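Reading the structure
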Amino acid sequence: GPGRAASPICSDLICDRHTIIITGALELRTNQITHFYSERKNTDEMIKMVNILRRQYGSKKKIYISWDAAGWHISKALGKHVEFLNGWAEHERAPIIELAPLPSRAQFLNVIDSVFSGMSRAIIHNSNFENSSEASDSIDRYFLNRNEFYKIHPKRAGRKIWQHETCEAVFQEENNCKDPRYR
């Protein structure tokens, strides 16, 4: 309903053969991925993601955004931007944004890494794309199909969620969802 909070987790992936940086968010309640391609891994891209999520979840009262402890995820500029947006939230009838950074060395909590590892194994590795455009088209189709699947078969993130993930996407200390073979 409109009062429930959305809880995206953001991350990114660099594909080795053709450098592609994907910035993405996994909404934990509905298992939907929001993603875009970035030029760099920096604060500007995180601000762009916050803006996208704020519009996407505009009917919510509050959204929680959680991500790992990378410098661009926890920068002062990002904090100031969120503070600015929250100052206008009531006037714009937009959700309050609460940042909930994950502790360092807590990769088992970053559920989207499991989704990205599964996508990487299914789409990127052992592929023979002619260019980065072909690769990004395949990635877009993968996430589109994945999102459609979870619209038809609703399931919260929290178990092995798309059959390509390395582990169950649950919050357990022994769970490392990022497959070291696929970065």
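Summary of the structure given here. From a predicted model like this one, the values you see are computed outputs, not experimental measurements. (Residues numbered from 1 in each chain as written. Predicted model: local features only at pLDDT ≥ 70, side-chain atom pairs only at ≥ 80, totals over all residues. Heavy atoms only, no water.)

So, on to the nonpolar core. Formed by 18 residues in total, the largest nonpolar core has its most connected members in Ile22, Leu26, Ile33, Met119, Ile123, Ile139 and Phe143. Top element by residues in this core is helix H3 (residues 112–124). It accounts for 6 residues. If you look at the next biggest cluster of nonpolar residues, it comprises 16 residues, including Ile65, Trp67, Val82 and Ile97. (Core = buried A, V, L, I, M, F, W, Y, C linked by side-chain atoms within 4.5 Å. Buried < 20%, exposed > 50% of the residue type's maximum accessible area, 1.4 Å probe, protein only. Helix = DSSP H or I, 4+ residues; strand = E, 2+ residues; numbered from the N terminus.)

Another point: H3. Within H3, 11 of the 13 residues are buried, leaving the element largely enclosed by the surrounding structure. Those residues of H3 that sit buried are Ile112, Asp113, Ser114, Val115, Phe116, Ser117, Gly118, Met119, Ser120, Ile123 and Ile124. Of the residues flanking the end of H3, it is Asn126, one or two places downstream, whose phi is positive at about 65 degrees.

This next bit is on the pairing of strand S2 (residues 20–27). Counting buried positions along S2 gives 8 out of 8 residues, so the element sits mostly inside the fold. Of the two faces of S2, the one lined by Ile20, Ile22, Gly24 and Leu26 and the one lined by Ile21, Thr23, Ala25 and Glu27 are each fully buried. For S2 and strand S3 (residues 32–38), the ladder comprises 7 bridges, and the chain directions are antiparallel. Considered in S3, the bridge of Ala25 is made with Thr34. Connecting S2 to the next strand, S3, in antiparallel fashion are 4 residues, including Asn31 with a positive phi near 65 degrees. (Pairing = 2+ DSSP bridges.)

Mapped onto the elements, Gln32 comes out in strand S3. Judged by relative accessible area, Gln32 falls into the buried class, the value being 13%. A distance of 3.0 Å separates a polar atom in the side chain of Gln32 from the backbone oxygen of Asn147. Those residues in contact with Gln32 that lie beyond four places of it in its chain are Ala25, Leu26, Glu27, Asn147, Tyr150 and Lys151. (Polar contact = N/O pair within 3.5 Å; in protein donor to acceptor, adjacent residues only side chain to side chain. Contact = heavy atoms within 4.5 Å.)

This part takes up the packing of aromatic side chains. Under the counting rule described, the total for this entry stands at 3 aromatic pairs. Taken together, a centroid distance of 4.9 Å and an interplanar angle of 90 degrees make the contact between Phe149 and Tyr150 edge-to-face. On the accessibility criterion, Tyr150 (5% relative accessible area) is buried. Of the aromatic side chains, those joined through ring pairs into one cluster are Phe116, Tyr142 and Phe143. (Phe/Tyr/Trp six-rings, centres within 6.5 Å; stacked < 30°, edge-to-face > 60°.)

Axis separation between H3 and helix H4 (residues 132–152) bottoms out at 10 Å; the angle between their running directions is 125 degrees. The pairing of H3 with H4 is recorded here as oblique in orientation. H3 and H4 meet at a crossing whose hand is right-handed. In this structure, H3 uses Val115, Phe116, Gly118, Met119, Ala122, Ile123 and Ile124 to contact H4, whose residues at the interface are Ser138, Ile139, Tyr142, Phe143 and Arg146. Looking at side-chain class alone, the contact of H3 with H4 contains 9 nonpolar, 2 polar and 1 charged residues. (Axes fitted to C-alpha atoms, helices over the stretch in contact; angles between N-to-C directions. Parallel < 35°, antiparallel > 145°, perpendicular 65-115°, else oblique. Left-handed = near helix turned anticlockwise from the far one by under 90°. Nonpolar A, V, L, I, M, F, W, Y, C, P; charged D, E, K, R; others polar.)

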